[in-house]
Amino acid sequence: MEVWIERRPAPAGPGRRSARRRLAIMAAALAIAAAGCTSTASEPPLPSFAPVDPALTLRTIRPGSPYVGTAVKIEALEGNTRYGDVLAREFDSVTAEDAMKWETVEPARGRLDFSQADEIIALARAHGQKVRGHTLVWHSQLPDWLSRGIFGKAELTEILRRHIADEVGHFKGAVYAWDLVNEPFDDDGGRHLSIWQTTLGDGYIADALRWAHEADPAARLFINDVDIERRNARSDAEYALARSLKAEGVPIDGVGFQAHLDLRRPFPDDLAANLERFTDLGLEVSITELDVRMELPATPEKLARQADYYAKAAAACRSNAHCTGVTVWGFTDATSWVPRWFPGEGAACLFDESYARKPAYAGFYRALEGRR
Ligand code: XIL
């Protein structure tokens, strides 16, 4: 505020000067009072996290830490050694960011192409990483022949059954867990009106789980959803579904919480309690797509708040013995999906565009480790 006062044009005369000064001082006082109300007066200060020795990595945090995974983009791997190095050094698990989606694996009806995903699996094997499969039943990233086709219930049932049998069968033994059904609900807790829901009805989820279990009885099967971190209509619907599937003996092992967080919204402080009600059903939970986006440009203050969000998400998982893993949705701002999907936002990852560790990395690491 002082800078603002000093920059005012020179006063024209003594009378005007004192009026201006009074106004400027009042404005300054108001601004200071407003800042006190909106920002930190009532909030605890942001925690600071001890820096992590460069020789240590997320993979070295044991015991007690959930496994740590990341989504992998096949294009980023090609010819980019920094991407591959960080991926191999830091992560216990990988999820194919797009390579296992329907539009990639069956672009034309009956023409299966698992080559991109096979590449990811080979690399994961070479580095001793597990692979999380993503995703078999979703409304998005479907091939045109499917999203634009008109199919009756019997034919669409057969298409879905075949897809699950083919893909889960192909990756049998290589994929340890599947984000099988993705985003079945809307924010109001109603079923999302996908082609699956509208043509096949409510039972498609149980059918999909049974078919996947037949194709690979050892794979852990998850329903995965967005914006279910806090208690809300959507997470209540997810909970009711999970409970009834369990009660009916449908082979469901867990629920995935995507956790695409946004600094413009408060952290979901009831995350740990929410995870717990699902694990109380005898299910496993995982955080499957964690990232924390912000309005650009990033500032030191935003990066510190981001570190706090990453730490809180990791701590919520760590505090629950049945929260088995935390996967981040990409680890570097250089390849994150955020800027393309949320114009004006970005800087959502643990590493910056040059692959340097951000404050979020220390927050995430320390929380997984169980201390600050
Ligand atoms: C995103 C990918 O990151 C992008 O590369 C792609 O263009 C769109 O999909 N929820 C999900 C993920 O379950 O599959 C989405 O991934 C992000 C939101």
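In this report, we go over the structure that sits alongside the text.

What counts and how
Residues numbered from 1 in each chain as written. Predicted model: local features only at pLDDT ≥ 70, side-chain atom pairs only at ≥ 80, totals over all residues. Heavy atoms only, no water. Disulfide = S-S within 2.5 Å. Axes fitted to C-alpha atoms, helices over the stretch in contact; angles between N-to-C directions. Helix = DSSP H or I, 4+ residues; strand = E, 2+ residues; numbered from the N terminus. Left-handed = near helix turned anticlockwise from the far one by under 90°. Contact = heavy atoms within 4.5 Å. Nonpolar A, V, L, I, M, F, W, Y, C, P; charged D, E, K, R; others polar. Buried < 20%, exposed > 50% of the residue type's maximum accessible area, 1.4 Å probe, protein only. Pairing = 2+ DSSP bridges. Polar contact = N/O pair within 3.5 Å; in protein donor to acceptor, adjacent residues only side chain to side chain.

This structure, assessed with the given rule, holds one disulfide. Here Cys-317 pairs with Cys-323 through a disulfide, and the sulfurs are 2.0 Å apart. Here the disulfide of Cys-317 and Cys-323 is left-handed, its torsion about the S-S bond being about -100 degrees.

The interhelical angle for the contact between helix H8 (residues 153–170) and helix H10 (residues 204–215), taken along N-to-C directions, is 35 degrees, at an axis separation of 8 Å. Of the two possible hands of crossing, H8 and H10 adopt the one that is right-handed. Here H8 contributes Thr-157, Leu-160, Arg-161, Ile-164, Ala-165, Val-168 and Gly-169 to the contact with H10, which in turn contributes Ala-208, Trp-211, Ala-212 and Ala-215. Here the residues of the contact of H8 with H10 sort into eight nonpolar, two polar and one charged.

Take unusual backbone geometry next. The step from His-134 to Thr-135 runs through a cis peptide bond, and the omega angle for that step is -10 degrees. Here Thr-135 is to be found in strand E3 (residues 130–137). Between Leu-296 and the following residue, Pro-297, the backbone shows a cis peptide bond with an omega angle of 5 degrees. With phi around 55 degrees, Gln-141 is a residue other than glycine that occupies positive phi space. Considering the arrangement of structural elements, one finds Gln-141 in the loop between E3 and helix H7 (144–147). Not every positive phi belongs to a glycine, and Tyr-355 is a case in point at roughly 70 degrees. For Tyr-355, the position within the fold is in the loop between strand E10 (345–346) and helix H15 (359–369).

A word on the pairing of strand E2 (residues 93–96). Along E2, one buried face is formed by Ser-93 and Thr-95 and the opposite face, lined by Val-94 and Ala-96, is buried too. Relative to E2, strand E1 (residues 67–72) runs parallel, the two sharing four bridges. Among the inter-strand pairings, Val-72 is bridged to a residue of E2, identified as Ala-96. Relative to E3, E2 is paired through three bridges, and the arrangement is parallel.

The next subject is the side chain of Glu-90. Among the secondary structure elements, Glu-90 is positioned in helix H4 (residues 81–90). Residue class for Glu-90 comes out buried when judged on its relative accessible area of 0%. At 2.9 Å, the side chain of Glu-90 and the side chain of Arg-357 are in polar contact. Of the polar contacts made by the side chain of Glu-90, one reaches the side chain of Tyr-361; its length is 2.7 Å. Not counting residues up to four positions away in its chain, the partners in contact with Glu-90 are Thr-57, Leu-58, Arg-59, Phe-351, Arg-357 and Tyr-361.

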